[in-house]
Structure formats: structure tokens, C-alpha cells
Amino acid sequence: MLTFYTNPMSRGRIARWMLEELGQPYRTQVLEYYTTMKAPDYLALNPMGKVPAIVHDGKVVTEVAAICTYLAMTFPEAGLMAEDKAAFFRWMFFAAGPLEQAAVNASFGWQPSGPQEKRRAGYGDLADVLGALTGHLAAHDFVADGRFTAADVYVGSQIGWGMQNGGIPVNATLQAYWARIRDRPARQSAEALDNALIRENQP
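Summary of the structure given here.

Conventions adopted
Residues numbered from 1 in each chain as written. Predicted model: local features only at pLDDT ≥ 70, side-chain atom pairs only at ≥ 80, totals over all residues. Heavy atoms only, no water. Helix = DSSP H or I, 4+ residues; strand = E, 2+ residues; numbered from the N terminus. Rg over C-alpha atoms; globule rule 2.2 N^0.38 Å. Pairing = 2+ DSSP bridges. Axes fitted to C-alpha atoms, helices over the stretch in contact; angles between N-to-C directions. Contact = heavy atoms within 4.5 Å. Salt bridge = Lys/Arg side-chain N within 4 Å of Asp/Glu carboxyl O. Buried < 20%, exposed > 50% of the residue type's maximum accessible area, 1.4 Å probe, protein only. Patch = residues over 30% accessible without salt bridge, like charges linked within 9 Å, V, L, I, M, F, W, Y side chains within 5 Å. Areas by Shrake-Rupley, 256 points an atom, 1.4 Å probe, with all protein chains shown as cover.

**Quick notes on the overall build of the protein chain**
Within the protein chain, the regular secondary structure consists of nine helices and four strands. Secondary structure elements of the protein chain, listed N to C terminal, follow the sequence β-α-β-α-β-β-α-α-α-α-α-α-α. Against the compact-globule benchmark of 17 Å for 203 residues, the protein chain has a radius of gyration of 17 Å, which places it among compact chains. Dimensions along the principal axes, computed over C-alpha positions, put the protein chain at roughly 45 × 35 × 30 Å.

**Considering the sheet that holds strand β2 (residues 26-30)**
The strand order across the open sheet formed by four strands is β2-β1-β3-β4, and the pairing between neighbours is mixed. Of all the strands in the sheet, the pair left with one neighbour each is β2 and β4 (59-62). Each strand axis lies, on average, 20° off the axis of its neighbour in the sheet, ignoring direction. Pairing of strand β1 (residues 2-6) with strand β3 (residues 53-56), which is carried by four bridges, proceeds in the antiparallel orientation. If you follow F4 over to β3, its bridge partner there is I54. Strand contacts of helix α3 (residues 64-74): β1, β3 and β4, with the helix running at about 130° to β4, the strand carrying the most contacts.

**Some thoughts on the pattern of salt bridges**
Using the criterion set out here, one finds nine salt bridges in the structure. Where E191 meets R187, a salt bridge forms, and the shortest distance between an N and an O atom there is 3.9 Å. You can see E191 and its partner R187 sitting in helix α9 (residues 185-200), four residues apart, about one turn around the helix. Residue E191 is classed as partly exposed on the basis of its relative accessible area, which comes to 22%.

**Some thoughts on a nonpolar patch on the surface**
Side chains of M9, Y33 and Y34 sit close together on the surface and give an oily, nonpolar patch of about 420 Å² of accessible area. Counting through the fold element by element, Y34 comes out in the loop between β2 and α2 (40-43). Owing to a relative accessible area of 73%, Y34 belongs among the exposed residues under this scheme.

Have a look at this one:
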């Protein structure tokens, strides 16, 4: 059995999409910020005190990119692990590192001010990151294998959410990529589950 620790207003929405793509049974444990996420029993699983996390066969996995990759490799029958592992891991780690870091830093109002700061940041700046990602997706319909994989769950979620909240500037290539994956039944199911949880917790 899989246990999924999440909050519907978190990156757990990405992991939920991945779980729905698997088609495997799982139990959802909803945690609240500042209270149950910081409780001793959960901190024993994830000392960071944040979600999402999964527990499977006694193994704890945190960090959304790791969760998506672990599930794709553990349940190969779902067909979500790419044969082209070079592209899969390259862009999965790219989205978990440079893309998220650049987008979050920009959302806080910080951008590297010149060549030296761009070098120290490691990712250059948001324009550099999006240029690399857009170039890949202009030449490929999906992240790897020419088909939908777990990498599209993670990379696609970063793009879709970023364009929606303004953290990622919209361009035609990213829009077209997001349009190819956003209406998948598993994503619609995941969205419905998380949105229902939000409604349940509204005053």
C-alpha cells in the first residue's frame, strides 16, 4: 500500500497527478501547514516538515521529482518510465533545479544582476533557463521518448503552474506543450480530488 502525505495547496498536486496516472491504490493523509506537518510523527518521516511525501513498503520518498521517478521505476507496468533515460533524467533534474530555482527567485523579485551573479547562481537567469527548455520542447512533443512519461508530469506541472501564476512568461512553444498534456484523464481526476479537499476545508 502507498501512503501519500499532502496538502491540496502544495506541490503535492503534482505527486497526486502521478499517483492517478499509476492507477494503483493509495491512501491519502492530508496535513496542515504549521501543525501536523511539524508534528513529531511526521517529522520522523520527513525532517523538513513539508509535503508531499510517500511511504511505500516502508520506504519514504520526498521531493516531487524523486517521487515521480521512484513511482515510474517501481511500477513499470504503468509505462511512465522513459526508455531514453538520458533525456528523462536530464530534464527531470533540470526542472527540479534550475527551472524551479530561477522561477522562485524571480517571484521573490531577485534576478542575477550581471555575468558574475549569473555564474554564481548556477542557472544563469530565468531567461536562460526558459530558453533551454523552450528549445527542447520546440523540437520534441514530449520530454522523452516522443510520448508521455513521468517527466511530463513533473516538467509539465512546473510549466503549467508557472504560466498560470505568472512566474513563467508564456510563449507559444510552452503553451502548445502544456495543451498536449493538461487534459489527461489522470490529471483531471487529480485536480478534482484536490479541489474537493480545498472545498471541504473552507470555512
